[in-house]
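# Observations on chain architecture
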Amino acid sequence: MIKRFLWLTKKDAVTAYRNYYFLIVVALALLFTLLIRFVVPEDTSVKATVFYSTNYSGELRTQLDETIGQSKDTNQNVVSVDSREEIIEKMKENTNSFGMFIKQGDSRPTIEFIFQGYENDQSRNTLIIAMKDSLSGKTAENPKIDTIVLKENISRDMNIPMNKNILPLFLVMEPAMLGFVLIVSLIFMEKEEGTIRAYVITPGKIPEYLASKITVMVVLGIISTLIGSLIVVGFNADYLSLLALVIVSGIFFSALGLILASFFENISQSIIWLIVISIILSLPTVSYFFPSFAPIYIKILPTYSMMFAIREAVFSTGNTGIITSTLITFTVLSIISYLLAIFAYNRSLLRD
Amino acid sequence: MLNIKDLYYSYTKDESYAVKGVSFEVTEGEIFGFLGPNGAGKSTTQKVLTGLLPMQKGKAFVAGVDVRKPNEKLFNSIGVSFEHPNIYKKLSGYENLDFYRKMFSVPTEDPMKLLRLVGLEEAANKKAGGYSKGMKQRLVFARSLINKPKIWFLDEPISGLDPTTANHIKDVIKRKKEEGVTMFLTTHNMYIADELCDRVAFINEGKIALVDSPRNLKLMYGEKIIKVEYTENGQIKKENFSMIKDEDKQKLNKLISEGKIETLHSQEATLEEIFMKVTGRGLK
C-alpha cells in the first residue's frame, strides 16, 4: 500500500512537473515576494489627524496658541476641540489620529500627548521632539510633556511594516489554497484521459489515488511558503508552526477541490463554482486589514483563523493559542474532507 | 474462469435494464466472444465483470472471486484492453507501463518486452500524448498484459488499426491462447469473432440470444449449397448445387473430374447473417 502510494505520488509529481505546476508556483511566489519587497511601500498610512484642546491660561498661552496656529495653517489635519474627553471621543472615531491636551502644571504648562497605542516609540518621540522644537526660543522654559496611551495591548501588531504585513495573506491565498485550484485541473485532466478507469482495475485503491495528489499539492505549498517567507522575513519566523499550518490547510483545500471536481465532468462545468468558492474563502482578507470588521459569516470561514494563525507564525507575538487552535481545527477539517472525497470518488468516478 | 448467472444492470437503478438476465460460463484457455451491436449491453457486462460498475443483481465469479466483493486477487488476475485509449499523455509509453506495473502485487512483465511485442519500442521514450491513435491503442493493449493476466478482457482490440497491425495483434491473441490465457472478447466485428473465438454469444438489447461455436452456428444456419463457376463450350456458366440431392452431387463430381471448374464456394452463413436471422437486426 505504501509502495503503491509512493509510485502514485511519483507519477503525479512528474505529471504536475510536465504541466508546469512547479514552475507556476515558484514564479508566482517570486513575483509576490518581489512585489512585497520592492513595490509595496513599508508605510502607506495617511498623515494622522491631531485633535487638541487647551485648558491653560498662563503666561505661555500666547506662545502655545501661536505655535499651534502655525501648524494649523500648514496642515489641514489639526482640529481644535473643547475638552480632553472630546479628544478621546474623536480619537476613537478616527483611529489614524492622536491627541494633544494642554493644561496647567505645577509651575509650567503640561502638554499631554494621547496616543492610540499602535504608534511605535520612534514615531512618538519624533512627535514630542517636533513640538519641543517648535516652542524653543519662544518660551523661557520648555513645557512638561506627558504621554497617555489609549490601548497599550495593540501596539505590537501594528508595528509590522505594511509590505511585510501582506505576506500572511499571500501564504493563505497561494501556498495554502493553491491545491484547491490545481488539484481540480489535475483531476479533470485525468478524467479527460480516462486513466482513472484503467487505475481502478488494478489493486490500487481510491484513498491512495487521492492521497498522492494531495501530497503533491502540499509539497507545492511548502515550496511556495519557503520561497515567500525566506525572501520576505528571512529566518525570523516560526517555521515549524508555519509549515504545519500550510500542510494542514493544503490537505484541507486540496480535499475540498477533489470533492468539487467529483461533481463535474470538465473544468468549464465547474469554473463558476471554483470562482465562487475562491471568492468566499477570500472574504476574510477584509478582516485582516480591518480587524474590527469581523461578522460571524466571515469568522466561520476556515481562511479567517488560518490568516491570523499564519500571521502569528510569521510575526510572532507569543499568542501561540491561535496557532494551536487553528492546527486542531484544520486537522479535523482535513480528515473529514478527505473521507468525504473518498466517498465522493467511490460514487462518482466509477460511473460512466 | 468466468461464471455468470442472471446478471442484471440498470444505469438508472430501476427496471430499465441495460443487461437483462445474462448467463454464461467461460472455461480456462477459451476465447469467448461477446458479439452485438452498439448499445446491446456488451460493454456494460464487461464493466460489471471487471469491477468498473457495481454488481446489482445476479451472480458473477471471475477467477473464483465474487465480483460483488472485488478484491486484490481479482484485479491481479485480470487484464483489460479498453476500446478507447486511456493513457497518461504526459508520461512516455515506457513510463505508462512502468507505472501500471507498480500497481500490481504479482510478478509483472518487462515494459520494454511488451512495447516490442506491439511494435512501440522505438517510441518507448516519447510522450504518449504525441502517439497516433493506433499507437495509443497498441499501448493500451500492451498495458493490459503487464500483470500476466489469467483472464484477459478485450474490448474491440483491432478497431481502428491498420490491417498489418491488426494481424499482428491477432497473432498476439492467438499466442496468448496457446499459453492458456482465458479471454473475453467484446466486439461488433464478426470477422475477428469468427477468426479468434472458440464460442460466441450474441447479445441484443441486454439479452443473450444464443451461445455456440462459430462453426456450429454456420453449419446450423448456413445453406447446404455449393456455388460453382465452370466452362462449357467456351462459355463461363454459374450454377448452385445442392449438397443433399444425389442428382446435383453426381453433376458436381462430373464437373470436378472433367476439370471444368473455375471457382467453387460453399454457401455457409456469416456470423452477421446469423445474427440478423436470430435478432432481426444487424451488428453495426
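Before reading further, recall that the structure is shown in the block above.
Notes on the structure in this doc start here. (Residues numbered from 1 in each chain as written. Chains lettered and ligands numbered in written order. Predicted model: local features only at pLDDT ≥ 70, side-chain atom pairs only at ≥ 80, totals over all residues. Heavy atoms only, no water.)

## Section: empty space enclosed by the protein
- Following the criterion strictly, the structure yields 2 cavities of 30 Å³ or more and no others.
- Here the largest cavity is characterised by a volume of approximately 90 Å³.
- Lining the largest cavity we find 13 residues, and of these Ile 201 of chain A together with Val 80, Phe 104, Arg 143 and Ser 144 of chain B sit closest to its centre.
- For the lining of the largest cavity, the leading source of residues is strand S6 (residues 78-81) of chain B, giving 3 residues. (1 Å grid on protein atoms, 1.4 Å probe; cavity = no way out; pocket = protein on both sides within 12 Å on 5 of 7 lines; lining within 4 Å. Points joined across faces, edges and corners; volume = space filled by probe spheres on them. Helix = DSSP H or I, 4+ residues; strand = E, 2+ residues; numbered from the N terminus.)

## Here we look at the pattern of salt bridges
- For the structure shown, the criterion picks out 27 salt bridges over all chains.
- We note a salt bridge from Lys 102 of chain B to Asp 98 of chain B, for which the minimum N-O separation is 3.0 Å. In this pair, Lys 102 of chain B and Asp 98 of chain B both sit in helix H3 (residues 93-103), 4 residues apart, roughly one turn of the helix. Neither residue differs from the other here; Lys 102 of chain B and Asp 98 of chain B are each classed as buried.
- Salt bridges sharing partners connect three or more residues here, namely Arg 4, Lys 205 and Glu 208 of chain A together with Glu 72 of chain B. (Salt bridge = Lys/Arg side-chain N within 4 Å of Asp/Glu carboxyl O. Buried < 20%, exposed > 50% of the residue type's maximum accessible area, 1.4 Å probe, protein only.)

## Remarks on the packing of aromatic side chains
Residue and element names in this part refer to chain B.
- Taken as a whole and assessed by the stated rule, the structure comprises 23 aromatic pairs over all chains.
- Chaining the aromatic ring pairs together yields one cluster made of Phe 24, Phe 32, Phe 34, Phe 153 and Phe 184.
- Between the NZ or CZ atom of Lys 57 and the centre of the ring of Tyr 8, over which it lies, the distance is 4.4 Å. (Phe/Tyr/Trp six-rings, centres within 6.5 Å; stacked < 30°, edge-to-face > 60°. Lys NZ or Arg CZ within 6 Å of the ring centre and 35° of its normal.)

## Some words on the interface of chain B and chain A
- Counting residues at the interface gives 26 residues for chain B and 24 residues for chain A.
- Inspection of the chain B/chain A interface yields 4 salt bridges.
- Residue Glu 192 of chain A pairs with Lys 89 of chain B through a salt bridge whose shortest N-O separation is 3.1 Å.
- The interface formed by chain B and chain A contains 8 residue pairs in polar contact (both at pLDDT 80 or more).
- Those elements that provide at least two residues to the side of chain B that touches chain A are helix H2 (72-77) and H3 of chain B.
- Taken together, the residues of the side of chain B that touches chain A sort by class into 13 nonpolar, 5 polar and 8 charged. (Contact = heavy atoms within 4.5 Å. Polar contact = N/O pair within 3.5 Å; in protein donor to acceptor, adjacent residues only side chain to side chain. Nonpolar A, V, L, I, M, F, W, Y, C, P; charged D, E, K, R; others polar.)

## Remarks on the sheet that holds strand S9 (residues 199-204) of chain B
Residue and element names in this part refer to chain B.
- Judged by pairing direction, the sheet is mixed, and its 6 strands sit side by side in the order S6-S7-S8-S3-S9-S10 without closing on themselves. Where the open sheet ends on each side, the last strands, each with one partner, are S6 and strand S10 (207-212). Averaged over all adjacent pairs, the angle separating strand axes in this sheet is 15 degrees, with direction ignored.
- The sheet contact formed by S6 and strand S7 (residues 151-155) spans 4 bridges and is parallel. Within S7, the position partnered with Val 80 by the bridge is Phe 153.
- Most of the contacts of helix H6 (residues 163-178) go to S7, to which it runs at about 160 degrees, and overall it touches strand S3 (31-35), S7 and strand S8 (182-187).
- Packing against the sheet, helix H10 (residues 271-279) makes contact with S3, S9 and S10, and its axis sits at approximately 45 degrees to S9. (Pairing = 2+ DSSP bridges. Axes fitted to C-alpha atoms, helices over the stretch in contact; angles between N-to-C directions.)

## Looking at the packing of helix H10 (residues 206-233) of chain A against helix H16 (residues 320-348) of chain A
Residue and element names in this part refer to chain A.
- Closest axis-to-axis distance for the H10/H16 pair is 10 Å, and the angle between their directions is 125 degrees. The angle between H10 and H16 falls in the class oblique. Crossing handedness for the pair H10 and H16: right-handed. Along the contact surface, H10 presents Ile 206, Pro 207, Glu 208, Leu 210, Ala 211 and Ile 214, while H16 presents Tyr 338, Ala 341, Ile 342, Tyr 345 and Asn 346.
- Considered class by class, the residues forming the contact of H10 with H16 number 9 nonpolar, 1 polar and 1 charged. (Parallel < 35°, antiparallel > 145°, perpendicular 65-115°, else oblique. Left-handed = near helix turned anticlockwise from the far one by under 90°.)

## Digging into helix H4 (residues 84-93) of chain A
Residue and element names in this part refer to chain A.
- Those residues of H4 that fall on the buried side of the exposure criterion are Ile 87, Ile 88 and Met 91. Around the axis of H4, the buried residues are gathered within 95 degrees of arc, so they sit on the same side. Among the exposed residues of H4, those oriented more than 90 degrees off its buried face are Glu 85, Lys 92 and Glu 93.
- Taken together, the buried residues of H4 touch strand S1 (49-55), strand S3 (97-104) and strand S4 (109-115). (Arc of directions from axis to C-beta.)

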